[in-house]
Amino acid sequence: MTEVYDRVALIGLGLIASSMAWAIKRGGLAREVTGYARSAETRKIAREIGLCDRICDTALEAVEGADLVVLCVPVGVMGELAAEIAPALKPGATVTDVGSVKADVIAQVGPHIPEGVHFVPGHPLAGTEHSGPRAGFAELFENRWCLLVPPEGTDPEAIAKLRRLWEGLGANVDEMDAEHHDLVLAVTSHAPHLIAYTMVGVADDLRRVTDSEVIKYSAGGFRDFTRIAASDPTMWRDVFLSNKDATLEILGRFTEELFALQRAIRQGDGAHLHDYFTRTRAIRKGIIEAGQDTDAPDFGRGWGKK
Ligand SMILES: NC(=O)c1ccc[n+]([C@@H]2O[C@H](COP(=O)([O-])OP(=O)(O)OC[C@H]3O[C@@H](n4cnc5c(N)ncnc54)[C@H](O)[C@@H]3O)[C@@H](O)[C@H]2O)c1
Ligand SMILES: O=C(O)C(=O)C[C@]1(C(=O)O)C=C[C@@H](O)C=C1
């Protein structure tokens with residue numbers, strides 16, 4: 001593969017940055033990758049595992065001379081980080097981020113981007129419940145989406161170059177505006193995480209009553225919830241505070257539907273439950289038939305046959 005950037009700087013060396021570092025190296029997508037993390041312990045681990053070509057002790061040193069700077073920190077601190085690195089940004093460089101929320105990050109970071117530096121916000125739709133510099137792996141972005149959210153008037157060449165990087169990392173790239181992104185992600189990622197956190201919290205409360213049976217006998221569905229609910233607390237606190245309006249809108253709708261299902265159960269309205277579950281089953285069938293979840297255990301299997 002050919003080099004897309006001469007030098008890439010990764011700021012915040014957690015799951016996403018470390019996955020990018022390994023994948024950039026594997027693909028030969030940059031001549032040099034520098035890295036910076038706020039904590040000395042993270043920088044020490046990064047050096048031990050050979051992450052990046054150079055781990056720097058300051059953010060300014062890491063971004064100096066970089067053609068692409070990637071902000072890989074929790075969304076709540078993107079703005080202060082942008083302010084910190086602004087003086088060292090090279091004219092003509094591109095700043096991007098990988099934050100899970102876009103409108104708020106653009107509002108925080110945009111004002112700190114100097115004249116002559118491009119800003120192309122991004123969001124890879126790939127992750128795990130693990131965090132930190134040891135969590136990354138080069139395959140994380142393969143066949144996943146990466147959404148780019150360039151503000152109006154962004155240099156098309158800067159967007160095209162970042163697109164080439166993400167494609168080199170194995171992702172499919174699409175563009176979207178920030179408000180739409182935040183609403184879509186509230187439905188597909190943010191509200192589901194909050195529901196998983198809540199369900200595991202409820203089970204934990206119950207455990208005190210039933211003396212560990214809930215965990216002992218937990219089957220597939222609940223185990224999946226516990227995986228999601230093990231996700232990084234700082235990252236997710238910031239996501240909900242940052243995507244407040246869209247998340248509250250979706251949770252409002254969720255609560256209404258939940259009440260309707262609750263009423264159907266109370267009133268013994270089997271038809272309502274059956275119709276509802278038939279509709280939701282058709283959604284999964286559509287996803288599988290469109291080939292959008294080829295990892296699913298039911299991919300390619302028959303549907304609706306008893
Ligand atoms: N984990 C996921 O599933 C996932 C997926 C897509 C996007 N994202 C987004 O990517 C970003 C990073 O997430 P992650 O999963 O890699 O998190 P992570 O917790 O693994 O890593 C974040 C890193 O940022 C560092 N950090 C925190 N504040 C900092 C600061 N002020 N300056 C410098 N470093 C700082 C932390 O020490 C940590 O090393 C977040 O904005 C998140 O919303 C996460
Ligand atoms: O697979 C997971 O563990 C994830 O939570 C990844 C996930 C998601 O919700 O799909 C989480 C946050 C992101 O911003 C993007 C991807």
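Conventions and cut-offs
- Residues numbered from 1 in each chain as written.
- Chains lettered and ligands numbered in written order.
- Predicted model: local features only at pLDDT ≥ 70, side-chain atom pairs only at ≥ 80, totals over all residues.
- Heavy atoms only, no water.
- Helix = DSSP H or I, 4+ residues; strand = E, 2+ residues; numbered from the N terminus.
- Rg over C-alpha atoms; globule rule 2.2 N^0.38 Å.
- Buried < 20%, exposed > 50% of the residue type's maximum accessible area, 1.4 Å probe, protein only.
- Patch = residues over 30% accessible without salt bridge, like charges linked within 9 Å, V, L, I, M, F, W, Y side chains within 5 Å.
- Areas by Shrake-Rupley, 256 points an atom, 1.4 Å probe, with all protein chains shown as cover.
- Salt bridge = Lys/Arg side-chain N within 4 Å of Asp/Glu carboxyl O.
- Pairing = 2+ DSSP bridges.
- Axes fitted to C-alpha atoms, helices over the stretch in contact; angles between N-to-C directions.
- Near = heavy atom within 4 Å.
- Polar contact = N/O pair within 3.5 Å; in protein donor to acceptor, adjacent residues only side chain to side chain.
- Nonpolar A, V, L, I, M, F, W, Y, C, P; charged D, E, K, R; others polar.
- Domains from an automatic or database assignment.
- pLDDT = per-residue confidence, 0-100.
- Buried area = accessible area lost by both parts, 1.4 Å probe.

Participant: It is not clear to me how the overall build of the protein chain should be interpreted in this structure. Could you clarify?
Facilitator: The number of helices and strands found in the protein chain is twelve helices and nine strands. Computed over its C-alpha atoms, the radius of gyration of the protein chain comes to 22 Å, within 12% of the 19 Å expected for a compact globule of 306 residues. Dimensions of the protein chain along its principal axes, counting C-alpha atoms only, are 65 × 40 × 35 Å. Counting all 306 residues of the protein chain, 44% fall into the buried class.

Participant: I tried to follow a nonpolar patch on the surface on my own but got confused; where do I start?
Facilitator: Taken together, Met199, Val202 and Phe225 make up a surface patch of nonpolar side chains, about 230 Å² in accessible area. Topologically, Met199 is positioned in helix 7 (residues 178-210).

Participant: I tried to follow the sheet that holds strand 9 (residues 172-175) on my own but got confused; where do I start?
Facilitator: In sheet architecture, strand pairing relies on hydrogen bonds along the backbone and comes in two forms, parallel and antiparallel. Spatially, three strands are ordered 7-8-9 in an open sheet, and the strand pairing comes out mixed. This sheet does not close on itself; its edge strands, each paired only once, are strand 7 (122-124) and strand 9. Ignoring strand direction, the axes of neighbouring strands in this sheet form an average angle of 20°. Pairing analysis gives three bridges linking strand 7 to strand 8 (residues 145-148), with the strands arranged antiparallel.

Participant: Where do I start with the site of ligand 2 in this structure?
Facilitator: If you check the shell around ligand 2, you find Ser100, His123, Ala126, Gly127, Thr128, Glu129, Ser189, His193, Arg227, Met235 and Trp236 and nothing else. In the model, an oxygen atom of ligand 2 is placed 2.7 Å from a nitrogen or oxygen of the Ser100 side chain. Contact between ligand 2 and Ser189: an oxygen atom at 2.6 Å from a side-chain N or O atom of the residue. Elements with a minimum of two residues in the shell around ligand 2: helix 7 and helix 10 (233-242). Here the shell around ligand 2 is built from residues that sort into three nonpolar, six polar and two charged. Residue assignment places the shell around ligand 2 across two domains, with domain 1 (5-176) and domain 2 (180-289) each supplying three or more.

Participant: Is there a simple way to explain the site of ligand 1 in this structure?
Facilitator: Around ligand 1, a shell composed of 24 residues is seen, among which Leu15, Ile16, Val73, Ser100 and Gly132 lie nearest. Note that an oxygen atom of ligand 1 is positioned 2.7 Å from one of the side-chain N or O atoms of Ser100. Here ligand 1 has 840 Å² of accessible area as a free molecule, and 90% of this is covered by the chains. Mapped onto the shell around ligand 1, the elements with two or more residues apiece are helix 1 (15-27) and strand 7. Of the residues belonging to the shell around ligand 1, the class tally is 14 nonpolar, nine polar and one charged.

Participant: Explain the confidence of the model for the protein chain to me, please; I cannot follow it from the model alone.
Facilitator: Parts of the model with low pLDDT should not have their predicted coordinates read in detail. Mean pLDDT for the protein chain: 93, with 92% of residues reaching 70 or above. For this predicted complex, the interface score ipTM comes out at 0.97, alongside a pTM of 0.93.

Participant: How should I be thinking about the sheet that holds strand 4 (residues 68-71) in this particular structure?
Facilitator: A sheet is described by the order of its strands in space; here six strands give the open sequence 3-2-1-4-5-6, paired in parallel fashion. Where the open sheet ends on each side, the last strands, each with one partner, are strand 3 (54-55) and strand 6 (118-119). The pairing of strand 1 (residues 5-11) with strand 4 spans four bridges and is parallel. Within strand 4, the position partnered with Ala9 by the bridge is Val69.

Participant: Explain the domain arrangement of the protein chain here, please?
Facilitator: In many analyses, interface size is given as the accessible surface area lost on bringing the parts together. Each assigned domain of the protein chain is listed here: domain 1 (5-176) and domain 2 (180-289). One C-alpha centre belongs to domain 1, the other to domain 2, and the line joining them spans 31 Å. Note on domain 1 versus domain 2: buried area summed over both sides is about 1200 Å², and carbon and sulfur give 64% of it. The interface formed by domain 1 and domain 2 contains one salt bridge. Residues Arg227 and Glu129 are paired through a salt bridge, measuring 2.7 Å at the closest nitrogen-oxygen approach. Taken together, domain 1 and domain 2 are joined by seven residue pairs in polar contact (both at pLDDT 80 or more). Taken together, the residues that form the side of domain 1 that touches domain 2 break down as nine nonpolar, five polar and three charged.

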